[in-house]
Amino acid sequence: TTTNVFWISLFQDVHVMIFIGFGFLMTFLKRYGFSSVGLNLLLAAFALQWGLIMQGLWHLEDGKIKVSIFKMINADFSTATVLISFGAVLGKTSPVQLLIMTILEITIFGINEHLVAEILGANDVGASMIIHAFGAYFGLAVARMLYRPALRNSHENDGSVYHSDLFAMIGTVFLWMFWPSFNSAIAESGTDQLMAVTNTYFSLAACVLSAYAVSSLVEHKGKLDMVHIQNATLAGGVAVGTCADMDIGPFGAMIIGFVAGIISTLGFKFLTPILASNLGIQDTCGVHNLHGMPGILGGIAGIVAVALGKKNGSAAMQGAALASSLGFALVGGTITGLIMKLPFWGQPPDQNCFDDSIYWEVII
Amino acid sequence: TTTNVFWISLFQDVHVMIFIGFGFLMTFLKRYGFSSVGLNLLLAAFALQWGLIMQGLWHLEDGKIKVSIFKMINADFSTATVLISFGAVLGKTSPVQLLIMTILEITIFGINEHLVAEILGANDVGASMIIHAFGAYFGLAVARMLYRPALRNSHENDGSVYHSDLFAMIGTVFLWMFWPSFNSAIAESGTDQLMAVTNTYFSLAACVLSAYAVSSLVEHKGKLDMVHIQNATLAGGVAVGTCADMDIGPFGAMIIGFVAGIISTLGFKFLTPILASNLGIQDTCGVHNLHGMPGILGGIAGIVAVALGKKNGSAAMQGAALASSLGFALVGGTITGLIMKLPFWGQPPDQNCFDDSIYWEVII
Amino acid sequence: TTTNVFWISLFQDVHVMIFIGFGFLMTFLKRYGFSSVGLNLLLAAFALQWGLIMQGLWHLEDGKIKVSIFKMINADFSTATVLISFGAVLGKTSPVQLLIMTILEITIFGINEHLVAEILGANDVGASMIIHAFGAYFGLAVARMLYRPALRNSHENDGSVYHSDLFAMIGTVFLWMFWPSFNSAIAESGTDQLMAVTNTYFSLAACVLSAYAVSSLVEHKGKLDMVHIQNATLAGGVAVGTCADMDIGPFGAMIIGFVAGIISTLGFKFLTPILASNLGIQDTCGVHNLHGMPGILGGIAGIVAVALGKKNGSAAMQGAALASSLGFALVGGTITGLIMKLPFWGQPPDQNCFDDSIYWEVII
């Protein structure tokens, strides 16, 4: 029962990341805070139920779906993929579209996870590949399908105000603090779990420094950009995920985090505008920079670490796991996006994007 | 000591519900946020001391009041009743009136709890009856005694603004996340406690879905109402309280939560206005919908579950416990309201209701 | 491993205090919220790494720096001193100046901690002396060195608005709730640790009552001042720190907390203006009232408690520990302040103090 007790405590930390962390991180939009935290609650409450069913079907016990704290943690994990994808299409989709995305994404997540963990036998304890990269590229594929040419020159509500940025920082800080629990929640008890905690802690600490440094370098007059701070400071948690329970040492973890902070900040500054204008991928929250590229970095770090013998496994299988996660994400996201594009799901018109008042009673 | 350690962790979760959860849930009022979170802190810090004394007097050890983590959890529980009642009279009472209410309500709570738990031997692990229904009807009885005819046509400050609703969502989400700890905090260690966690988790997840669905159904153009989302999504935690440690299964828990979400949302939409205009019960936070009716539903579910043999006990005693809780609440609240109505406690005049500036230095 | 598991849970609570607690407590300034929570994150992420190195150098194992949850808690502790000092100079320093302060302060903290704990063998489990008094007087000495005559008549941005005060209350309440974990995190497992939890709990509860009472007494018309509530309600956690694991009983703890709440509130009302106008110490957050005087009170309480035999130790050594902490703080802070005053660290000009827009891209 000690283990059970500890799992409940880890579960609570992950729960805080899902509901407070993701929910408030997305409240940065000036007129879309109700939807950010409110639809986050709706989607997550729905996703965890669907996630438990999907997971249960893969692991039937005597023909029944059994529930445990461990499975509740995994349900929160599958929920995370949906919330990452939600970030890519934030402000441009109806609740019904998002519920459809939830059903399809978690189903596809379940298939990929089974393949990666059971068939390929790959390591991904903190889920850089199967949650972060998967959720990001799934969401980006959906965003590509739902491309709105009218939003090319940015929408007046697609931005923050002073207090909405402070609400978003509640999300950032809770995600940052509890990420060690996320990356260690399904690690093997004992040394591995402890290592997952400390590796994530070091990666995140180093990531904050590089994110601040690069933000200041790329902005004029050396100023900091709140968007970078809210997001890129977390990239270290994403990128160290696959290696979290491997014996990479504090410096290994810090290098991963440091690089992730650089890549993520540069992505926000230079890549996001290009994706939007050249590829038609309008990524509202910049999930490509926080989850996509750092997730791939995490997958690659995992390949290298396994090749160096930091953990039992096969570098080839790690590579296959990364490819599988990206493949399922892009194909699954594209199909899901096409289904979401059908004209009867109540997609908001262009002028009502990023605006709570289309779905909420808002007193002005 | 493992149990001790786990209890400290549960205690912290309950503590977060009391101080952040209740405190921020009430910040939805546009000009009453200082009082909501500030008086919540004052009342709770006072109530937990008084609650420890009252509880200690019922359970003297060698003529002394002994303190333990278990008793600190129970003190937080008795505090919860006061904060629920606070919600009913929010904005219309002075700090002195509220301190008087705290003293009286916790004293009466102690009597009813002793009767329910020790004499009747009823089950109420998550306290649907002795905390939620008791606190709600106590507060409503007080509100009836303090009826203000001048506030019949709603007060200009009795409403929210955009950011105050986001502050309130901090409270909602923390309450939602940690409710499984609340309902399991005094359950028997082991299977019962684990069941209390998972039952509450399922009830809350189902409740979110029904609250959103009904909110959208009853508002025009299918929009969502922030008041419903802030409150009715939590009704599943209230309603599953009595049954939380009973073997009702995930589907039993989900049915309870689903029904609670419906009842609660309909209550906000249709019942609250009737209570205010016809019965003179001005329930600022709608505690009748979040704690009152779902608390009774929880009590009834407990009667049914015990009758079906889901837990040792007597359905008649469960019924008596519910009746006792309602009776003590209504009589106690009425007497307390009469005492609070005495003219020398600094009750705010009608035009200063729902306004921080009468009790706080506020810079405009 | 049970102990390990519990330490991770205590570590998380302390982490929340450092990143959410300190970060949001300082968001009370109307135009300095990005810097408060953002620079808090930067400084803390940097400080914990530097703190681990400093601590590791004092306790090398086989010539190596080893990491453990216990050391991560201690790193958060050394970080707390920096964040306290940050409060004294908030709004008047550049990020580079603050990073220099971090390096120097943690180094000096390490020397003083080693002296107090290892050489003097003094008790200071909750660190009233070595963190709170040290951090406060270090920061005040820095503030004295950085004195700005032009800010004598208060700056237009040196104040709060309604919503910034509510953001600050997020910090206050999280600090208040998790302080028992802070004071017990490095206590001996078992009875001592449990005592540290309950003593802190009682001290904080009593402190809230005296802070509210005195705030209402000293303000006109009996109103409450948000500054007092945000800060003085926490003084009980500071003051009971040294005695937290001593057998002082609930009433002993409550007396300490009660006195701390009085001293702290009176300090904000009467002493802070005098320090600013007569001594040239401009203490933005009033850390002298929350950490300085209550920290000294805690040190004195520790001397008395040890003299009364509540814990093994020597009252003289307790007194030497207090004197050492104050001495290192004042001398170290003065030297650090002189270094920070060098003209090439980008110190903001007077008119840009308390304003995010000098270091952040801010959309008006």
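These numbers come from a predicted model, not from an experiment.

On to the relation of the copies chain C and chain B, then. Overlaying chain C on chain B yields an RMSD of 0.0 Å, the required transformation being a rotation through 120° with an accompanying axial translation of 0.0 Å. Here the transformation between the copies is reduced to the relation of a three-fold axis. Residue by residue, only 14% of the interface of chain C is reproduced at the interface of chain B, so the copies engage with different surfaces.

Per the UniProt record, "domain: Ammonium transporter AmtB-like" (unreviewed entry) is found at residues 7-355 of chain A. In this annotation, residues 7-355 of chain A is assigned 72% helix and 0% strand; the end-to-end C-alpha distance for the span is 39 Å.

We now examine helix α10 (residues 249-279) of chain C. All names here are of chain C. In this model α10 runs just 39 Å from its N-terminal to its C-terminal C-alpha over 31 residues, more than 12% under the 45 Å that 1.5 Å per residue would give. Residue Phe 268 marks the point of greatest curvature in α10, where the axis turns by about 50°. Looking at α10, one finds that the buried residues are Ala 253, Met 254, Ile 256, Gly 257, Ala 260, Gly 261, Ser 264, Thr 265, Gly 267, Phe 268 and Leu 275. Two residues or fewer after α10 comes Gly 280, characterised by a positive phi angle close to 70°.

What follows deals with the relation of the copies chain A and chain B. Between the two copies, chain A and chain B, the superposition gives an RMSD of 0.0 Å; the rotation angle is 120° and the shift along the axis is 0.0 Å. The fraction of interface residues of chain A whose copies in chain B are also interface residues is only 11%, indicating that the copies meet through different surfaces.

Let us look at the interface of chain C and chain B. Contact with chain C, which involves 36 residues of that partner, is made by 43 residues of chain B. Both sides of the chain C and chain B interface together cover about 3,700 Å² of buried area, and 78% of this is carbon and sulfur. Counting every contact that joins chain C to chain B gives zero salt bridges. Counting across the chain C and chain B interface gives 12 residue pairs in polar contact (both at pLDDT 80 or more). Where the side of chain C that touches chain B is concerned, the elements lending two or more residues are α1 (2-25), α6 (162-184), α7 (191-218) and α8 (226-232) of chain C. Top element by residues in the side of chain C that touches chain B is α6(C). It accounts for 13 residues. Here the residues of the side of chain C that touches chain B are counted per class, giving 24 nonpolar, seven polar and five charged.

With that settled, the discussion passes to the interface of chain A and chain B. Taken residue by residue, the interface counts 44 residues in chain A and 36 residues in chain B. Carbon and sulfur atoms supply 78% of the area that chain A and chain B bury against each other, a total of about 3,700 Å² over both sides. Elements supplying a minimum of two residues to the side of chain A that touches chain B: α1 (2-25), α2 (33-58), α3 (69-89) and α6 (162-184) of chain A. At 12 residues, α2(A) tops the list of elements feeding residues into the side of chain A that touches chain B. Each residue belonging to the side of chain A that touches chain B can be placed in one class, and the counts come to 29 nonpolar, 11 polar and four charged.

Time to look at a nonpolar patch on the surface. A surface patch of nonpolar side chains, amounting to about 450 Å² of accessible area, comprises Val331(A), Ile335(A), Ile339(A), Leu342(A) and Phe344(A). Relative to the helices and strands, Val331(A) resides in helix α12 (residues 315-340).

Residue and element names in this part refer to chain B. For helix α12 (residues 315-340), which comprises 26 residues, the first-to-last C-alpha distance of 37 Å matches the rise-based estimate of 38 Å (1.5 Å per residue) to within 8%. Buried residues of α12: Gln 318, Ala 321, Leu 322, Ser 324, Ser 325, Leu 326, Ala 329, Gly 332, Gly 333, Thr 336, Gly 337 and Met 340, and no others. In this fold, the buried residues of α12 make contact with α4 (95-119), α5 (128-145) and α11 (287-307). Two or three places before Ala 316, at the start of α12, stands the capping residue Ser 314, its side-chain oxygen 3.2 Å from that residue's backbone nitrogen.

One pair of aromatic rings is described through two measures. These are the centre distance and the angle between the planes. Counted according to the given criterion, the structure contains 48 aromatic pairs over all chains. Their ring planes at 65° and their centres at 4.8 Å tell us that Phe344(A) and Trp345(A) sit as a pair that is edge-to-face. A residue is classified by how much of its surface remains accessible, and Trp345(A), at 22% relative accessible area, is partly exposed. Through a chain of ring-to-ring contacts, three or more aromatic side chains come together here, namely Phe24(A), Phe167(A), Phe24(B), Phe167(B), Phe24(C) and Phe167(C). Above the ring of Tyr147(B), the side-chain terminus of Arg144(B) is found at 5.5 Å from the ring centroid.

Cut-offs and rules
Residues numbered from 1 in each chain as written. Chains lettered and ligands numbered in written order. Predicted model: local features only at pLDDT ≥ 70, side-chain atom pairs only at ≥ 80, totals over all residues. Heavy atoms only, no water. Least-squares fit on C-alpha atoms with pLDDT ≥ 70 in both. Contact = heavy atoms within 4.5 Å. UniProt positions renumbered as here; feature names shortened; annotations may be inferred. Helix = DSSP H or I, 4+ residues; strand = E, 2+ residues; numbered from the N terminus. Expected span 1.5 Å × (residues − 1). Bend = angle between axes of the 7 residues up to and from the residue. Buried < 20%, exposed > 50% of the residue type's maximum accessible area, 1.4 Å probe, protein only. Buried area = accessible area lost by both parts, 1.4 Å probe. Salt bridge = Lys/Arg side-chain N within 4 Å of Asp/Glu carboxyl O. Polar contact = N/O pair within 3.5 Å; in protein donor to acceptor, adjacent residues only side chain to side chain. Nonpolar A, V, L, I, M, F, W, Y, C, P; charged D, E, K, R; others polar. Patch = residues over 30% accessible without salt bridge, like charges linked within 9 Å, V, L, I, M, F, W, Y side chains within 5 Å. Areas by Shrake-Rupley, 256 points an atom, 1.4 Å probe, with all protein chains shown as cover. Phe/Tyr/Trp six-rings, centres within 6.5 Å; stacked < 30°, edge-to-face > 60°. Lys NZ or Arg CZ within 6 Å of the ring centre and 35° of its normal.

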